[in-house]
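Coordinate inspection notes
One-letter residues, chain by chain:
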Amino acid sequence: MNDGVNGVALGVFVFFFLAVTVMGFLAARWRRAADEHSLDEWGLGGRSFGTWVTWFLLGGDLYTAYTFVAVPAAIYAAGAAGFFAVPYTILVYPLIFTFLPRLWSVSHKHGYVTTSDFVRGRFGSKSLSLAVAVTGILATMPYIALQLVGIQAVLDVMGVGGGDSTNWFVKDLPLLIAFGVLAAYTYSSGLRAPALIAFVKDTLIYIVIAVAIIYIPIKLGGFDEIFKAASDKYTAAGAGGLVPAQAGQWTYATLALGSALALFMYPHSVTATLSGRSREVIRRNTTILPLYSLMLGLLALLGFMAIAAGVKVTNGQLAIPQLFENMFPDWFAGVAFAAIGIGALVPAAIMSIAAANLFTRNIYKDFINPAATPRQETQVSKLVSLLVKVGALVFVLTMDKTVAINFQLLGGIWILQTFPSLVGGLFTRWFHRWALLGGWAVGMLYGTIAAYGVASPTQKHFGGSSKEIPGIGEIGYIGLTAFVLNVAVAVVLTFALRAFKAPDGIDETSPLDYTADAGDPGVETELPPATADASH
Amino acid sequence: MSDLPEVKPPVVTPVRVVIALCLFAPFVAMLWVGSYTKTDPAFIGIPFFYWYQLLWVPLSTVLTVTAYQLWRRDQRARARASASTSAEGGAGA
């Protein structure tokens, strides 16, 4: 890949990068509230975002640089199986329409910043809350690392860094700079920085996709030619195909469903949701968020185009950046790379904030310093967000990329195991807190062991995320199997614990809390009037 | 606020069933993979498998918007019916 630096592309890339850096630092002044030192301010942007800001924030958050690189890469390598990302994102929206408004309401009523806050309040159980928090942090860290992998892929194709010939410092310098910038403005501006930068990121992404999906097929002779070339390649390779094989259908469906259930368990998606101004903002968003699904679907098709365009890469991650470099004029390739690069910064910032919030609220405050003031909370959060990112950086620089990918895969399986506590808790208090903890433990254990046992042609362990479902005999997503097991254990244990009259925790919420909206008595708005009306 | 205002509307109503169906339909369509694993008919060269799923993006959006509008109307009607309480039982569709 590394045949010299592409000067024009690099210039455009650096230009956009500098622009968003300035924005990131200025963001601190955007709709500043009176009390800057509360965690609500730094970690949730003052809970003040309207429909459009939330839309950009959620889109910027969920559709990450890694998604942009990995989904087409999966199509490039395996064909149809990689397309499950589309049904997956379709299923996400009816789900969030159903449960997120309830989470928003109860969180605003009680000042919850994280999902673990809610679980603790609902079930009166610090251990269950700790389990949810630890799962969230563990699942988020490799995700941040993968964002850095995404930036690396772009830098690599542009000819800076990444290569094997240069010494490690020069090789990693661009990544270190990108990282330093990210860390600095997240620290100073909190959630406002990614919210503002998300505008730039998504605008660039939409432009690039729109151009790519029209321009590249024209140059390649139309979709007929593209799919024919792809089909030939899969046949020749003896792997993959234009539609999933009979045996792959269960895998396809369980992956789509499992991933959809997992997505809004991630701390960063919840952070973006809670920053919304009202309950309606969430519901309205589920009706406009699918635009991103459409974009993702079109993006996935680029994987086929990379095949038709004769892109040959050993590392599938480079397929799409390489396709852009081959097909686009230099300056536009630079725009495309900037889109991916900035696409990594937004989610990385939100993820580190979300992980930091979890640590501060549910580990630091609950177990280390219960008397922490809001100012201390914010300070700890800022520091932890920095630590989390340094951890991710060390991860990427010292370990093989496949390790990050393996962990991310495990993270998806793990985070799904918090679903019964969170969503179960939103609708019913029937589950016993210890039963949920038991179900969680079983799900985590099964998921980890099962994933460890999956071999692939290149790896002995963690070779994939699907395995035979016990009792059904079809191949399915491990996360979903673990989830079913988790729920089953939770139900059985609840019956058992109730029979033995095990003590319930204290529920600090009441049914009406779950439907409260902004303006209702007791709902924290915290907005000084001057900032509230500046929203979109 | 208290236990039961005497005219509390039922939790399950025809409108709410429609809302639930709107939200549930994409799951049936997308998880029934066997119904769309084929290449023909193609659309401008894109195999059926792909354009069908992409088509479901706007379809599910329309369904969600419908659910949203019905839900809002339902909520407003209920708010009028019991002016004092925000008596949503929280069936949550």
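Scoring rules and cut-offs
Residues numbered from 1 in each chain as written. Chains lettered and ligands numbered in written order. Predicted model: local features only at pLDDT ≥ 70, side-chain atom pairs only at ≥ 80, totals over all residues. Helix = DSSP H or I, 4+ residues; strand = E, 2+ residues; numbered from the N terminus. Rg over C-alpha atoms; globule rule 2.2 N^0.38 Å. Buried ≥ 20, exposed ≤ 12 C-beta atoms within 10 Å, placed from the backbone. Core = buried A, V, L, I, M, F, W, Y, C linked by C-beta atoms within 7 Å. Contact = placed C-beta atoms within 7 Å. Nonpolar A, V, L, I, M, F, W, Y, C, P; charged D, E, K, R; others polar. Expected span 1.5 Å × (residues − 1). pLDDT = per-residue confidence, 0-100. Axes fitted to C-alpha atoms, helices over the stretch in contact; angles between N-to-C directions. Left-handed = near helix turned anticlockwise from the far one by under 90°.

Now for the overall build of chain A. Scanning chain A from N- to C-terminus turns up 22 helices and two strands. In terms of overall size, chain A behaves like a compact globule, its C-alpha atoms giving a radius of gyration of 23 Å where 536 residues would be expected to give roughly 24 Å. Overall size of chain A, expressed as C-alpha extent along the three principal axes, is 65 × 60 × 45 Å.

The subject of this paragraph is the overall build of chain B. For chain B, the count of helices and strands is two helices and zero strands. Counting over 93 residues, chain B shows a buried share of 24%.

Turning next to the nonpolar core. One finds A:Ala145, A:Leu148, A:Ala256, A:Ala300 and A:Phe337 to be the most contacted residues of the largest nonpolar core, which totals 205 residues. Per-element accounting of this core gives the leading share, 21 residues, to helix α16 (residues 330-368) of chain A. With sequence-adjacent residues up to four places away left out, A:Ala256 is seen in contact with A:Phe84, A:Pro87, A:Tyr88, A:Leu91, B:Met30 and B:Leu31.

Let us look at the interface of chain B and chain A. Across the boundary between the two partners, chain B contributes 31 residues, which contact 36 residues of chain A. Taken together, the elements giving at least two residues each to the side of chain B that touches chain A come down to α1 (14-31) and α2 (48-81) of chain B. Ranked by residue count, the leading element in the side of chain B that touches chain A is α2(B), at twelve residues. Among the residues making up the side of chain B that touches chain A, the classes are represented as 18 nonpolar, eleven polar and two charged.

Attention now goes to unusual backbone geometry. Residues B:Asp40 and B:Pro41 are joined by a peptide bond in cis, for which omega reads -5 degrees. Phi angles above zero are rare outside glycine, and A:Lys501 is one such case at about 55 degrees. Inspection of the secondary structure assignment puts A:Lys501 in the loop between α21 (478-499) and α22 (529-532). Look at A:Lys501 and you get exposed, because 7 C-beta atoms sit within 10 Å. In this structure, B:Ile44 is a non-glycine residue whose phi angle is positive, near 35 degrees. Relative to the elements of secondary structure, B:Ile44 occurs in the loop between α1 and α2.

All names here are of chain A. Taking 1.5 Å of rise per residue, twelve residues should cover 16 Å, and helix α3 (residues 51-62) covers 16 Å from first to last C-alpha, within 8% of that figure. Burial of α3 is extensive: eleven of the twelve residues sit out of reach of the surface. Of all the residues in α3, the buried ones are Thr-51, Val-53, Thr-54, Trp-55, Phe-56, Leu-57, Leu-58, Gly-59, Gly-60, Asp-61 and Leu-62. Elements in contact with the buried residues of α3: α9 (192-220), α11 (249-263), α12 (267-274), α13 (279-288), α14 (290-308) and α16.

Side chains three or four residues apart in an α-helix point the same way, a direct result of the helix having 3.6 residues per turn. Residues and elements named next belong to chain A. Over its 33 residues, helix α7 (residues 126-158) extends 49 Å from the first C-alpha to the last, a length consistent with the 48 Å expected when each residue adds 1.5 Å. A large share of α7 lies buried, amounting to 28 of its 33 residues. Just beyond α7, the residue with positive phi is Gly-159, at close to 95 degrees.

Let us now look at the confidence of the model for chain B. Residue and element names in this part refer to chain B. Put simply, chain B has an average pLDDT of 79, and 78% of its residues get 70 or more. Overall, residues 86-93 carries pLDDT values under 50, and its contacts beyond four positions in sequence, including any with other chains, amount to 27 contacts. Here the complex is predicted with pTM 0.84, and the ipTM for its interfaces comes to 0.81.

Quick look at the environment of A:His108 now. Within the fold, A:His108 resides in helix α5 (residues 85-110). Separated by 160 residues in sequence, A:His108 and A:His268 place their C-alpha atoms 17 Å apart.

Our next topic: the environment of A:Phe427. All names here are of chain A. Along the chain, Phe-427 turns up in helix α19 (residues 419-427). Accessibility expressed as a C-beta count within 10 Å gives 14 for Phe-427, which makes it partly exposed. For Phe-427 and Phe-99, which are 328 residues apart along the polypeptide, the C-alpha to C-alpha distance reads 8.2 Å.

This paragraph deals with the packing of helix α1 (residues 7-26) of chain A against α16(A). Each pair of packed helices can be summarised by the angle the axes make with each other and by the distance between the axes. Residue and element names in this part refer to chain A. Where α1 meets α16, the closest approach of the two axes is 7 Å, and the angle between their N-to-C directions is 40 degrees. In this structure, α1 crosses over α16, and the sense of that crossing is right-handed. Here Val-8, Ala-9, Leu-10, Gly-11, Val-12, Phe-13, Phe-16, Phe-17 and Val-20 of α1 come into contact with α16, specifically with Asp-330, Trp-331, Ala-333, Gly-334, Val-335, Phe-337, Ala-338, Gly-341, Ile-342 and Leu-345. Considered class by class, the residues forming the contact of α1 with α16 number 15 nonpolar, three polar and one charged.

This paragraph deals with the environment of A:Asp507. All names here are of chain A. With respect to the helices and strands, Asp-507 occurs in the loop between α21 and α22. We classify Asp-507 as partly exposed; it has 13 C-beta atoms within 10 Å. Taking the C-alpha atoms as reference, Asp-507 lies 9.4 Å from Ser-125; in sequence the two are 382 residues apart. Asp-507 has contacts with Arg-122, Gly-124 and Arg-429, leaving out every residue within four places of it along the chain.

This part takes up the confidence of the model for chain A. The predicted coordinates ought not to be read in detail in places where the model reports low pLDDT. The pLDDT averaged across chain A works out to 82; a share of 92% of its residues lies at or above 70. Low pLDDT (under 50) marks residues 526-536 of chain A, which in the prediction has 24 contacts with non-local residues, meaning those over four places away or in another chain.

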